[in-house]
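Structural overview for review
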Amino acid sequence: MSWQSYNQSLVRYPQHGFSLDLSLMDIAPGLVASLQPKIDKAFTDMAALEAGQIVNPDEGRMVGHYWLRNAALAPNEEVRRSITEPLENLKRFAEKVHTGAVSSPTGGNFQQVLLIGIGGSALGPQLVTEAIGQNARLALHFFDNTDPAGMDTVIARLSHTGLDKTLVLVISKSGGTAETRNGMLEAKAAYEAAGLDFGRHAVAVTGTGSKLDQYAAQQNFIARFPMEDWVGGRTSVLSTVGLVPAALQGLDIDALLAGAAAMDVETRKTEAAKNASMQLAIAWYSATNGKGEKDMVVLPYKDSLVLFSKYLQQLVMESLGKELDLDGNPVNQGIAVYGNKGSTDQHAYVQQLRDGVNNFFATFIEVRKGRSGNSIEVDPGTTTADYLQGFLRGTRKALHESGRKSLTISIPEVTPFQLGLLIALFERTVSFYASLVNINAYHQPGVEAGKKAAGAFIDTLNKVRGHITSWAKTAGEIATEIDADPEDVYHCLTHLSANGEVQISIGATPADDSFQI
Ligand SMILES: O=P(O)(O)OC[C@H]1O[C@H](O)[C@H](O)[C@@H](O)[C@@H]1O
């Protein structure tokens, strides 16, 4: 480690207490020169994106999440209003919930929120809640799956305060996501079982006219907030998707937006050496050979940032994980992201990072402030915060000594403003990196394949249900009757057996197992 290379490779924005240290990334001196045409193109793409000129060919929609924190950039008055009006409305709405002007139909203020959403409609709000929601006015709970047992656990937890005091926030951009629809129907059933009118406790955040929007109107939801078509799910944390729950928690959403806007100011500058997102994109390119050859391990040394890797996983992997490049050539791009937090991970998988397969680069996130308030001495003169800093610096050094690359992002503390900075930093990095490797970061064609196959499986499951009899049959026999894949039929039958709908007699192999009512 050299003091000189630290000084030379640091991008810092002292006015925000932010710095990005790339000194341990070993970026080859010639790389930037060889990438220059691509870097120039990335800046041109960025300008086109911010000007509303990037339209996803398969979906026909503009990409414009940058406008959310800078409405003045929006390409026309209509888009500008679609940012400013919901922002004012959601603030007013949160205020009404806090003052009790919007309250539980059974009387009294709402005291907690159940957020139902998945993917970008949950990960952003979860990140914000964990990072800066410690003193939230209303506690947030989540349904982010179609797991009935998981939902039962959450409902039981909510019932301590009471479902009547729980505001339900159903969030889905498309308004048609199965897991979210299921979660909403399960919640509705729980409210009805408690003798409560679900609609009078519910709020929707969704695209105007979507299935959810129509359902919310029909069920007389308390409020509906629009989510604009030009915001993608994984970049929606600063739209109504993230801001409605944040405002309900009483968080400083203006500071969150201001942090993102401040990072945008820095990362809009076309001097690559001073642009933290461009430097990060170049570092990703250098570490992964521009082909995702290494994974990104995200290690924030701060408990409140524990969900940052989970959040980045969607942002990076759904954006960059693409089969084809922009010219239609197969490239199978992407960067795998995982992580948790330091120093906890030191006692779990850092052993492999240091000594095992060298298939990653680490992203350390350093938060300089330990806590607000005084600290005890755990050793003479030493605090727990000293240890946290020591472990970060120590692990970074140990990885470097064994030839592992890492970069370090430092921020002063985890505030709404700093969280906004981090979110915007990575959004722009993903955008730049996509330009460097010539892919579209703003569509997700691969996600549909699994959804379609799941739909087909559920159709088969329902057909199987209709062919179970009081006499025993094998999966193969039922598969022949309904013209389906016997392996699928077998898994339908074991599912029905585990859920008490059929009885199973185990044979020598799955093909010999038989099932009856
Ligand atoms: O907000 P929704 O429309 O319900 O979508 C939720 C998620 O579902 C999809 O599978 C997409 O790949 C994600 O990008 C999206 O965030």
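As the structure is a prediction and not an experimental result, all values here were calculated from the model.

Points about the UniProt feature "active site" (unreviewed entry) in the chain
Here the UniProt-annotated "active site" (unreviewed entry) positions come out as Glu318, His347 and Lys451. The named residues occupy 134 residues along the chain; their greatest pairwise C-alpha distance, 37.1 Å, places them well apart from one another. The exposure class assigned to Glu318 is partly exposed, which follows from its relative accessible area of 23%. Those residues in contact with Glu318 that sit more than four places away from it in its chain are Arg234, Gln313, His443, Gln444 and Val447. A polar contact of 2.9 Å, which involves the side chain of Glu318, links it to the side chain of Arg234. With respect to the helices and strands, the residue Lys451 is situated in helix α15 (residues 447-465).

Section: the pattern of salt bridges
With the rule as written, the count across this model stands at 23 salt bridges. Residue Lys41 pairs with Asp45 through a salt bridge whose shortest N-O separation is 3.0 Å. Of this pair, Lys41 and Asp45 both sit in helix α2 (residues 29-50), four residues apart, which is roughly one turn of the helix. Notably, a salt bridge pairs Glu192 with Lys188, separated by 3.0 Å at the nearest N-O pair. Of this pair, Glu192 and Lys188 are both found in helix α6 (residues 178-193), four residues apart, which corresponds to roughly one turn of the helix.

A look at the nonpolar core
Of all hydrophobic cores here, the largest spans 108 residues; its most connected members are Phe18, Leu248, Trp284 and Phe308. With 12 residues, helix α14 (residues 416-436) is the single largest residue contributor to this core. Here Trp284 is in contact with Met296, Val316, Leu320, Ile335, Phe361, Phe426, Thr429, Val430 and Tyr433, once residues within four sequence places are set aside. Judged by nonpolar contacts, the second largest core, of 22 residues, contains Phe143, Val168, Ala187 and Ala204.

Things to note about helix α3 (residues 77-99)
With 23 residues, α3 extends 33 Å between its outermost C-alpha atoms, agreeing within 8% with the 33 Å of an ideal straight helix rising 1.5 Å per residue. Within the sequence span of α3, burial applies to Val79, Ser82, Ile83, Pro86, Leu87, Leu90, Phe93, Ala94, Val97 and His98. Tucked inside the fold, the buried residues of α3 contact β4 (61-62), β7 (166-172), β8 (202-206), β9 (223-226), α8 (240-248) and α9 (253-267). For α3, the N-terminal capping position is held by Asn76, with its side-chain oxygen 3.1 Å away from the main-chain nitrogen of Glu78. One or two positions beyond α3, positive phi appears at Gly100, with a value near 95°.

Here's the deal with the packing of α3 against α8
Close contact between α3 and α8 brings their axes to 8 Å; oriented N to C, the two are set at 25°. In terms of their interaxial angle, α3 and α8 are classed as roughly parallel. The way α3 lies across α8 gives a crossing that is right-handed. Along the contact surface, α3 presents Pro86, Leu87, Leu90, Phe93, Ala94, Val97 and His98, while α8 presents Thr240, Leu243, Val244, Ala247 and Leu248. Here the contact of α3 with α8 is composed, by residue class, of 10 nonpolar, two polar and no charged.

How each quantity is defined
Residues numbered from 1 in each chain as written. Predicted model: local features only at pLDDT ≥ 70, side-chain atom pairs only at ≥ 80, totals over all residues. Heavy atoms only, no water. UniProt positions renumbered as here; feature names shortened; annotations may be inferred. Buried < 20%, exposed > 50% of the residue type's maximum accessible area, 1.4 Å probe, protein only. Contact = heavy atoms within 4.5 Å. Polar contact = N/O pair within 3.5 Å; in protein donor to acceptor, adjacent residues only side chain to side chain. Helix = DSSP H or I, 4+ residues; strand = E, 2+ residues; numbered from the N terminus. Salt bridge = Lys/Arg side-chain N within 4 Å of Asp/Glu carboxyl O. Core = buried A, V, L, I, M, F, W, Y, C linked by side-chain atoms within 4.5 Å. Expected span 1.5 Å × (residues − 1). Axes fitted to C-alpha atoms, helices over the stretch in contact; angles between N-to-C directions. Parallel < 35°, antiparallel > 145°, perpendicular 65-115°, else oblique. Left-handed = near helix turned anticlockwise from the far one by under 90°. Nonpolar A, V, L, I, M, F, W, Y, C, P; charged D, E, K, R; others polar.

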